[in-house]
Amino acid sequence: MRTFKITACVPSQTRIRTQRELQNTYFTKLVPYDNWFAEQQRIMKMGGKIVKVELATGRQGTNTGLL
């Protein structure tokens, strides 16, 4: 099964001393190839930014017809 290892940055609001501050949260997670588009849309809707995408498992070029 092909999975992507993505690193993303999502803004999260935390209450610090009665004022609202915006803090960025970085996270890395494995996403299956079939769920990639849904995960990308979820991150973008939250106002986040995808920093890096890597192929975690599977062979490179498989989906382009190269073996």
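Up top you'll find the structure we're talking about.
Residues numbered from 1 in each chain as written. Predicted model: local features only at pLDDT ≥ 70, side-chain atom pairs only at ≥ 80, totals over all residues. Heavy atoms only, no water.

**Digging into the pattern of salt bridges**
Put simply, the rule is: Only one rule defines a salt bridge in this text: a Lys or Arg side-chain nitrogen within 4 Å of an Asp or Glu carboxyl oxygen. Helical segments are the DSSP runs of H or I of at least four residues, strand segments are the runs of E of at least two, and each set is numbered from the N terminus. Buried means the residue's accessible area, taken with a 1.4 Å probe over protein chains only, is under 20% of the maximum for its type, while exposed means over 50%, and partly exposed covers the values in between.
All told, the structure shown has 3 salt bridges when counted by the stated rule. As a salt-bridge pair, K29 and E39 come within 3.2 Å of each other at their nearest N and O atoms. You can see K29 sitting in strand β2 (residues 19-32) and its partner E39 sitting in helix α1 (residues 36-45), a full 10 residues away along the chain. Judged by relative accessible area, E39 falls into the buried class, the value being 12%. When salt bridges with common partners are traced through the structure, they connect K29, E39 and R42 into a single cluster.

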